[in-house]
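Here are the chains, one letter per residue:
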Amino acid sequence: QVQLVESGGGLVQAGDSLSLSCAASGRTFSRYTMGWFRQAPGKEREFVAAIKWRSGSTYYAEYAESVKGRFTISRDNAKSTAYLQMNSLKPEDTAVYYCAADSRSTYLSEIYSSYDYWGQGTQVTVSS
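Residues numbered from 1 in each chain as written. Predicted model: local features only at pLDDT ≥ 70, side-chain atom pairs only at ≥ 80, totals over all residues. Heavy atoms only, no water.

**Things to note about the overall build of the chain**
Next, step 1: Check the secondary structure of the chain and you find zero helices and 11 strands.
Next, step 2: Each helix and strand of the chain, ordered N terminal to C terminal, gives the series β-β-β-β-β-β-β-β-β-β-β.
Next, step 3: Compactness check: the chain gives a C-alpha radius of gyration of 14 Å against a globular reference of 14 Å for 128 residues, within 12% of the reference.
Next, step 4: For the chain, the residues scored as buried account for 44% of the 128 residues in total.
Next, step 5: For the chain, the share of sequence-separated contacts (at least 6 apart) that also reach a separation of at least 24 residues comes to 58%.
Next, step 6: In the structure as shown, the chain presents an accessible area of about 6,700 Å², 46% of it carried by carbon and sulfur atoms. (Helix = DSSP H or I, 4+ residues; strand = E, 2+ residues; numbered from the N terminus. Rg over C-alpha atoms; globule rule 2.2 N^0.38 Å. Buried < 20%, exposed > 50% of the residue type's maximum accessible area, 1.4 Å probe, protein only. Contact = heavy atoms within 4.5 Å. Areas by Shrake-Rupley, 256 points an atom, 1.4 Å probe, with all protein chains shown as cover.)

Okay, structure coming up:
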């Protein structure tokens, strides 16, 4: 059973930055694809970014088009922690951000249903 604990959300102004962290309790963290999703009020949960470890220092990552060039996903397998660095934040980035783990897929998925473990979510609010 995997538990994910998120932190780092808050209230910032447009153009500012935030860094989110996701600490995992699982002992096979390195094998999981780690993803970040977000959900704004009245909208469906949407893919933000995901990262999958290949070998050594080699990782594969994908990003939603809306955050490319602004957000960076990373992971530290030794600490069983995933991160999302968010720069140049916009009001439309306001949402609850969820960390998720995919323990089953052999590929990096951008689909919500592929992820079987979820954090509690952390609120990110960007004011103008």
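**Looking at the packing of aromatic side chains**
Next, step 1: The final tally for this structure, using the stated rule, is six aromatic pairs.
Next, step 2: A ring pair is formed by F37 and W118, whose centres lie 5.1 Å apart and whose planes are at 55 degrees; its orientation type is tilted. With F37 in strand β4 (residues 33-39) and W118 in strand β10 (residues 117-118), the pair connects residues that are 81 residues apart, well separated along the chain.
Next, step 3: Judged by centre distance (6.4 Å) and plane angle (80 degrees), the rings of Y98 and W118 are edge-to-face. On the criterion of sequence distance, the pair formed by Y98 in strand β9 (residues 95-102) and W118 in strand β10 is long-range, its members being 20 residues apart. (Phe/Tyr/Trp six-rings, centres within 6.5 Å; stacked < 30°, edge-to-face > 60°.)

**Describing unusual backbone geometry**
Next, step 1: Its identity as a non-glycine residue notwithstanding, S80 has a phi of 50 degrees, on the positive side.
Next, step 2: Non-glycine residue S88 carries a positive phi angle of around 50 degrees.
Next, step 3: Positionally, S88 belongs in the loop between β8 (81-86) and β9.

**What about the sheet that holds strand β3 (residues 18-24)?**
Next, step 1: Sheet architecture is open: four strands sit in the order β1-β3-β8-β7, paired in antiparallel fashion. Sheet topology places β1 (4-7) and β7 (71-76) at the edges, where each strand pairs with a single neighbour. Here the strands of the sheet are splayed against their neighbours by 15 degrees on average, with no regard to which way each runs. (Pairing = 2+ DSSP bridges. Axes fitted to C-alpha atoms, helices over the stretch in contact; angles between N-to-C directions.)

**Overview of the nonpolar core**
Next, step 1: Counting 35 residues, the largest nonpolar core has L4, M34, L84, M86 and Y97 as its most contacted members.
Next, step 2: Elements with a contribution of two residues or more to this core: β3, β4, β5 (46-55), β7, β8, β9 and β11 (122-127). (Core = buried A, V, L, I, M, F, W, Y, C linked by side-chain atoms within 4.5 Å.)

**Digging into the side chain of E6**
Next, step 1: You can see E6 is positioned in strand β1.
Next, step 2: Buried E6, no salt bridge; nearest opposite-charge side chain is R45, N-O distance 8.2 Å.
Next, step 3: Here the side chain of E6 touches G121 through a polar contact of 2.4 Å, landing on its backbone nitrogen.
Next, step 4: Setting aside chain neighbours within four positions, we find E6 in contact with S21, C22, W36, Y97, Y98, C99, G119, Q120, G121 and T122. (Lys, Arg positive; Asp, Glu negative; His and termini not counted. Salt bridge = Lys/Arg side-chain N within 4 Å of Asp/Glu carboxyl O. Polar contact = N/O pair within 3.5 Å; in protein donor to acceptor, adjacent residues only side chain to side chain.)

**What about the pairing of β11?**
Next, step 1: Burial along β11 is one-sided: the face carrying T122, V124 and V126 is buried and the face carrying Q123, T125 and S127 is not.
Next, step 2: Pairing of strand β2 (residues 10-13) with β11 involves four bridges; the strand directions are parallel. Residue pairing for β11: V12 is matched across the bridge by V126.
Next, step 3: In this sheet, β11 lies alongside β9 in antiparallel orientation, the contact comprising three bridges. Across the sheet, residue Y97 finds its bridge partner in β11, namely T122.

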